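This is what each chain is made of:
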Amino acid sequence: MIRNSLVLLVALALCACGESNMNPTSGTLGPSGETLPPPKVAVTETRVGADQHVVLASRVDGVDVSFQMFEPDNLVAGQTYPLVLEGHGYGGMRTTTRDGFIGRLTAAGYYVISIDERGFGASGGTVRVMSPDQEGQDLIQILDWAEDLPGLRRRSNNEMYVGSFGGSYGGMYQLLLAGADPKQRLRVLAPDITPHDLVYALNPHNVIKSGWVLALVAAGEASGVTSLAEGVFPMGTNQDPAIVETLVQGALTNNIPTAGINYFTYHSVKYFCDGQPAAPQDFMLATPDPLLVPPRPYPALDVLVTQGTRDGLFNFNDGFNNYNCLKQRGGDVRFLTHETGHILPVSITNVPGAEEALDPFYAAITVPNFEDAAGARDCGSLVLDDVQFAWFQEKLQFKKGAIDAALPIGKSPCLSLGAGDAVSVPAVKVGGTPFPFDLATPQFSGALGILGSVLGNGAREQLLSNVPLMTVGEAGGVLAGVPTLDIELTGLTGLEMLTCPTPLSIGACDPILFLAIGHRKAGTERWDVVDDQITPVRGFGAHSLRMNGIGERLAAGDELALLIYGFHAQFPITWSRDVFVPAVNVKGSVALPLLGAGDIVKNGV
């Protein structure tokens, strides 16, 4: 008897599961002190938590739905525990050990389910990139299975307390499940580096982001073991034929086909945010989605949105758009940026000492650069893993004050400016100080753009491809937010608007330029593309658009410029194929989010 009592006391001491919210006579107390409903299945004995690899048969098509279930490190009779879901990035698989953040959660009294998304790991089927009708239904089935976990904590409406985390593809599943589940059980989310609109992410301003598309295809293929379509599509691929067909047509025509546009729209957060009915997917060969999930509005969700300012695939604007959509639904929604994400560090300047050694040569040649090396997943001094843990502790374990302790800036967005440097702002600035330009020299497009992209500053300045905007004053400055661009492209003859009403995309009437905000430090030659963010512009006529969001601290004497290219390595096969329009006239205005004292809550987070 004494030994059994000691075992119980030790287990209670080890279990960091919100024991202050447990009333042995009346059940678990909720965040406002209310008594919560009992679990469907009670924990009847105190024991050490176990792990389980679970494989279900998908209700959609019978393929395997695989996930790893981790019980809390210690289960105590009569207590309740919330559930947290974890999802991997594209090309990944479930976590099978109690390491890292999952270990931190199970030690603190959480159930954790780590998921093999459809087509990855031990889950069957093809990769359809978060279809509401396939991946979405598999995720709902996983939650249904979890309903009978012993001691699973219930909300006052008798639905489970469940949260989620993960980055990239592991962020997409969270917002898909929150939108597709008719019971709307998932209410606490932490999506990192997550797209808002897959069409914008993969095909920004109607220019295919071919560098990253090729990388994603490689990641998906590396994980694949499923063969498809008996010779119609490559054997051994794990990408769904809808993905293959879309990408093949895109590569051939330099345009994403309408079926692919509609397909990716249906698979996006934007679908649930905008509430517009899904459009038909008229593929030539692939099977379209059945479009069974309506675009129901999100409920009020508590969402910690984190996004990489330097992310080359899902940029700042994706996270900002997710933040704006979810905030409108009335939940507790925060927005923080950091210095990592989807980054392919293919650049000679990543070699230690190379940037300084090569700097004088940039007057004569521009060394091609994809992206600089990644930084940390921090917003200034805020370690986002700690903020994320506190998010779950307060929202799911009812630890009051946990979020404020880890996130002392409150609900102000946190914008990263570099390693260990950030500002908090009352609102993210869109546009700002205008800088008009009207270039007397036409800008290269197409094949000439490839040549122009490697010209040094001397030639680029003569060609007006480096458009000077400002020199920073003695007080320095902060550039953080979303620049806006109003730009007009016209042909050299002036007749193009009459003779080219519709771009042909495969050889005529189709100029493409790539634009960026450039930052040159005082006393140096090299123009650095701020946060490696490239915004494409396609087609004759006037364009009004948001450039990719950025964040940078500026020193006295630094210079800013609008950099114009006809080719960039991030779009290696999707530059203009127009052989009749080698250059275009350019004029317009760019507005920069230069922050004044009134635009900053705290300078140096």
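These numbers were taken from a predicted model, which means no experiment stands behind them.

So, how was this worked out
Residues numbered from 1 in each chain as written. Predicted model: local features only at pLDDT ≥ 70, side-chain atom pairs only at ≥ 80, totals over all residues. Heavy atoms only, no water. Helix = DSSP H or I, 4+ residues; strand = E, 2+ residues; numbered from the N terminus. Buried < 20%, exposed > 50% of the residue type's maximum accessible area, 1.4 Å probe, protein only. Areas by Shrake-Rupley, 256 points an atom, 1.4 Å probe, with all protein chains shown as cover. Pairing = 2+ DSSP bridges. Expected span 1.5 Å × (residues − 1). Core = buried A, V, L, I, M, F, W, Y, C linked by side-chain atoms within 4.5 Å. Phe/Tyr/Trp six-rings, centres within 6.5 Å; stacked < 30°, edge-to-face > 60°. Lys NZ or Arg CZ within 6 Å of the ring centre and 35° of its normal. Disulfide = S-S within 2.5 Å. Salt bridge = Lys/Arg side-chain N within 4 Å of Asp/Glu carboxyl O. Contact = heavy atoms within 4.5 Å. Polar contact = N/O pair within 3.5 Å; in protein donor to acceptor, adjacent residues only side chain to side chain. Axes fitted to C-alpha atoms, helices over the stretch in contact; angles between N-to-C directions. Parallel < 35°, antiparallel > 145°, perpendicular 65-115°, else oblique. Nonpolar A, V, L, I, M, F, W, Y, C, P; charged D, E, K, R; others polar.

Q: Can you tell me about the overall build of the protein, naming the residues and giving the values?
A: Each helix and strand counted, the protein has 16 helices and 29 strands in total. Looking at the protein as a whole, 57% of its 605 residues qualify as buried. Approximately 22,800 Å² of the protein is accessible, and the part contributed by carbon and sulfur atoms is 59%.

Q: Got a sec to walk through the pairing of strand β16 (residues 421-424)? Specific residues and values, please.
A: Side chains D421 and V423 of β16 all project onto a buried face; the interleaved residues A422 and S424 project onto the opposite face, where all are buried too. Linking strand β15 (residues 414-418) back to β16 in an antiparallel pair, the connection comprises 2 residues, with G420 at a positive phi of about 70°. One ladder, built from 2 bridges, connects β16 with strand β29 (residues 602-603); its direction is antiparallel. Considered in β29, the bridge of S424 is made with K602.

Q: Tell me about unusual backbone geometry, and please be specific about residues and values.
A: One non-glycine residue, V129, adopts positive backbone phi at about 60°. When you line up the elements, V129 lands in the loop between β8 (111-115) and α3 (135-146). Positive phi, normally seen in glycine, also occurs at N158, with a value near 75°. Here N158 lies in the loop between α3 and β9 (162-167).

Q: Residues and numbers for the pairing of strand β5 (residues 64-70), please.
A: In terms of burial, β5 is largely enclosed, as 6 of its 7 residues are buried. Connecting the antiparallel pair strand β4 (residues 51-57) and β5 is a turn made up of 6 residues, with G62 showing a positive phi of about 85°. Sheet analysis places β5 next to β8, joined by 4 bridges and oriented antiparallel. Residue pairing in the sheet places Q68 in a bridge with S114 of β8.

Q: Any chance you could break down helix α12 (residues 384-396) for me, citing the residues and the numbers?
A: In a regular helix each residue adds 1.5 Å, so 13 residues correspond to 18 Å; α12 covers 18 Å between its end C-alpha atoms and thus fits that length. Along α12, the residues classified as buried are L384, V387, Q388, F389, A390, W391, F392, Q393, K395 and L396. Two residues or fewer after α12 comes F398, characterised by a positive phi angle close to 65°.

Q: Could you give an account of the nonpolar core, naming the residues involved and the relevant values?
A: Counting 83 residues, the largest nonpolar core has L83, L85, I113 and Y298 as its most contacted members. The leading source of residues in this core is helix α4 (residues 169-180), at 8 residues. If you look at the next biggest cluster of nonpolar residues, it comprises 30 residues, including L105, F165, L396 and C414.

Q: Could you give me a rundown of the packing of aromatic side chains, with the residues and numbers involved?
A: Inspection of the entire model under this criterion finds 20 aromatic pairs. Taking 5.0 Å as the distance between ring centres and 80° as the angle between the ring planes, the aromatic pair formed by Y266 and Y271 counts as edge-to-face. For the pair formed by Y266 and Y271, the shared burial category is buried. Grouping aromatic residues by their ring pairs yields a cluster made of F101, F165, F389 and F392. We note R104 situated over the ring of F389; from NZ or CZ to the ring centre the distance is 4.4 Å. The ring of W391 is capped by K395, whose NZ or CZ atom sits 5.0 Å from the centre of that ring.

Q: Requested: an account of α4, with residues and values cited.
A: The terminal C-alpha atoms of α4, which comprises 12 residues, lie 16 Å apart, in line with the 16 Å expected from a rise of 1.5 Å per residue. With 12 of 12 residues buried, α4 lies mostly within the body of the structure. Within the span of α4, buried status applies to Y169, G170, G171, M172, Y173, Q174, L175, L176, L177, A178, G179 and A180.

Q: Can you break down the state of the cysteines residue by residue, with the values?
A: Taken as a whole, this structure holds 2 disulfides when the rule is applied. Shown here is the disulfide that connects C273 with C325, its sulfur atoms set 1.9 Å apart. Its S-S torsion of about -95° marks the bond between C273 and C325 as left-handed, since a negative value means left-handed. Remark: C325 occurs in helix α10 (residues 316-327) and C273 occurs in helix α9 (residues 269-274); sequence separation between them is 52 residues. Across the disulfide, C379 is cross-linked to C414 (sulfur-sulfur distance 2.0 Å).

Q: I'd like a rundown of the pattern of salt bridges, residues and numbers included.
A: A side chain with one charge can pair with a side chain of the opposite charge if their charged atoms come near. For the structure on display, the rule yields 30 salt bridges. With its nearest N and O atoms 2.6 Å apart, the salt bridge here joins E147 to R154. For E147, a relative accessible area of 5% translates into the label buried. Under the relative-accessibility criterion, R154 is labelled buried at 1%. Between D421 and R553 there is a salt bridge, with the nearest N and O atoms lying 2.6 Å from each other. Placement of the pair is D421 in strand β16 and R553 in strand β26 (residues 550-554), with a sequence separation of 132 residues. What makes D421 buried here is its relative accessible area of 17%. R553 gets classed as partly exposed once you look at its relative accessible area, which sits at 32%.

Q: Hey, could you go over the environment of L143 for me, with residue numbers and the actual values?
A: On the secondary structure map, L143 appears in helix α3. For the pair formed by L143 and M160, sequence separation is 17 residues and the distance between their alpha carbons is 9.1 Å. Setting aside its immediate chain neighbours within four residues, L143 contacts L83, L85, M160, V162, L177, D181 and R185.

Q: I'd like to hear about the environment of T126, residue by residue, with values.
A: With respect to the helices, strands and loops of the structure, T126 is situated in the loop between β8 and α3. Along the primary structure T126 and I243 are separated by 117 residues, whereas in three dimensions their C-alpha atoms are 9.9 Å apart. Of the polar contacts made by the side chain of T126, one reaches the side chain of D240; its length is 2.5 Å.

Q: Provide a residue-level description of the packing of α3 against α4, including the pertinent values.
A: Packing of α3 against α4 leaves a shortest axis separation of 9 Å and a crossing angle of 75°. The angle between α3 and α4 places the two elements in the roughly perpendicular class. Residues E135, G136, L139, I140 and L143 of α3 form the contact with α4, whose own contacting residues are Y169, Y173, L176, L177 and A180. Classifying every residue of the contact of α3 with α4 by side-chain character gives 8 nonpolar, 1 polar and 1 charged.

None of the figures reported here should be taken as evidence of function without further support.
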